[in-house]
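# Coordinates in review
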Amino acid sequence: MIGKKFFILFSILGLAAGAQAQQAKLPQCKNKTVVIAHRGNHIAAPENTLASCRDAIECGADYVEVDLRTTKDGKLVVLHDSKVDRTTNGSGRISEMNLSEVRKLQVFNRNKKTHRIPEFQEMLAVCKDKINIYLDCKEANIEEAWKQIKAAGMENQVIVYLNDERQYLQWKGLAPHIPLMTSLPKDVTSKEQLLGFLKKTHVQILDNLKDPELIKTANENGVEVWLDVQSPSEGPATWKEALDKGVQGLQTDQPAHLLTYLKGH
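Residues numbered from 1 in each chain as written. Predicted model: local features only at pLDDT ≥ 70, side-chain atom pairs only at ≥ 80, totals over all residues. Heavy atoms only, no water.

Within this structure, the stated rule accounts for 10 salt bridges. A salt bridge links Glu47 to Arg86, with the nearest nitrogen and oxygen atoms 2.8 Å apart. Residue Glu47 is found in the loop between strand 1 (34-38) and helix 3 (50-59), and its partner Arg86 is found in the loop between strand 3 (76-78) and helix 4 (99-102); the two are separated by 39 residues along the sequence. For Glu47, a relative accessible area of 15% puts it in the buried group. For Arg86, a relative accessible area of 44% corresponds to the partly exposed category. For Arg116, the salt bridge identified is with Glu122, shortest N-O distance 2.8 Å. For Arg116, a relative accessible area of 29% gives the class partly exposed. (Salt bridge = Lys/Arg side-chain N within 4 Å of Asp/Glu carboxyl O. Helix = DSSP H or I, 4+ residues; strand = E, 2+ residues; numbered from the N terminus. Buried < 20%, exposed > 50% of the residue type's maximum accessible area, 1.4 Å probe, protein only.)

On to empty space enclosed by the protein. Scanning the model with the defined rule gives two cavities of 30 Å³ or more in all. Roughly 60 Å³ of volume is contained in the largest cavity. Lining the largest cavity are Glu47, Asn48, Thr49, Val78, Leu79, His80, Thr87, Val107, Ile117 and Pro118. Residue composition of the lining of the largest cavity, grouped by class: five nonpolar, four polar and one charged. In this structure, the second largest cavity occupies an estimated 30 Å³ of space. Every residue along the wall of the second largest cavity is listed here: Arg69, Ser82, Arg93, Ile94, Ser95 and Glu139. Partitioned by chemical class, the residues of the lining of the second largest cavity number one nonpolar, two polar and three charged. (1 Å grid on protein atoms, 1.4 Å probe; cavity = no way out; pocket = protein on both sides within 12 Å on 5 of 7 lines; lining within 4 Å. Points joined across faces, edges and corners; volume = space filled by probe spheres on them. Nonpolar A, V, L, I, M, F, W, Y, C, P; charged D, E, K, R; others polar.)

This structure, assessed with the given rule, holds zero disulfides. Free cysteine Cys59: the closest other cysteine sulfur is in Cys53, separated by 10 Å. By relative accessible area, which is 21% here, Cys59 ends up partly exposed. (Disulfide = S-S within 2.5 Å.)

Residues of the protein with pLDDT of at least 70 account for 91%, and the chain-wide mean is 92. Low confidence marks residues 6-22, where pLDDT is under 50. Its contacts with residues over four positions away, or in another chain, come to 24 contacts. (pLDDT = per-residue confidence, 0-100. Contact = heavy atoms within 4.5 Å.)

The next subject is the environment of His115. Relative to the assigned elements, His115 resides in the loop between helix 4 and helix 5 (120-127). Residue class for His115 comes out buried when judged on its relative accessible area of 10%. Put simply, His115 and His257 are 142 residues apart on the chain and 24 Å apart in space, counted from C-alpha to C-alpha. Beyond its immediate chain neighbours, meaning those up to four positions away, His115 contacts Pro46, Thr49, Ala51, Leu105, Gln106, Val107 and Asn109.

Contact pair helix 10 (residues 236-243) / helix 11 (residues 255-264): the axes reach a minimum separation of 11 Å and the direction vectors enclose 60 degrees. Relative to helix 11, the element helix 10 is oriented oblique. At the point where helix 10 passes helix 11, the crossing takes the right-handed sense. Judged by residue contacts, Pro236, Trp239, Lys240 and Leu243 of helix 10 engage His257, Leu258, Tyr261 and Leu262 from helix 11. Along the lines of polarity and charge, the residues of the contact of helix 10 with helix 11 split into six nonpolar, one polar and one charged. (Axes fitted to C-alpha atoms, helices over the stretch in contact; angles between N-to-C directions. Parallel < 35°, antiparallel > 145°, perpendicular 65-115°, else oblique. Left-handed = near helix turned anticlockwise from the far one by under 90°.)

Set out below in structure tokens:
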């Protein structure tokens, strides 16, 4: 998340790049309310695997959210945690493993099929022309990520979630037209503060902005708001509460059920 430190730094540097930022366009979506499958449709298949991505495509989600990390030998892989312990039969930090070691790991699953940690280029190939990517760069080589996005012809199918100021500067330098998303600094709580933030930080989407008035202000300034609704208790009441705030997108652990709900409401 972009914090106060970066907000101040950005103001000092004056890196507005306004004309370029305004040209960043969000990928096209099938649904009126944007549906993001959190780590793929991982209720049906293990998270961040090609199978969970294919399931997200099959159920009709607009985006698959994937987490990106770099291995010891510089390869990009899709994995949420810094370690492989929780999701695989191995142990250790992904940044200390070569791709050949990673490919030997089996991802835990609830069926008899074998799944593994995919390379980013494999995920791009599965998604191309079928589903957009909500890219969460955890600890990843951004230059290589952009190179692979371009090589796959996916420039218009990706939005990037920013975890810190360094990532903002890198993406702005490498790909000024790619849509960016971030959370607000905690100290931005008023309309005036939000307008000041948006004036100096050019993003197309804000994450987890819950005040209806601030959501309205963001929308009036051309910025969408997507909420995370995934939780063990996620369901119709959760979705209605979020939608009533006036948001444009929902990140969910239940994409198929959410889509059924949206069609009925």
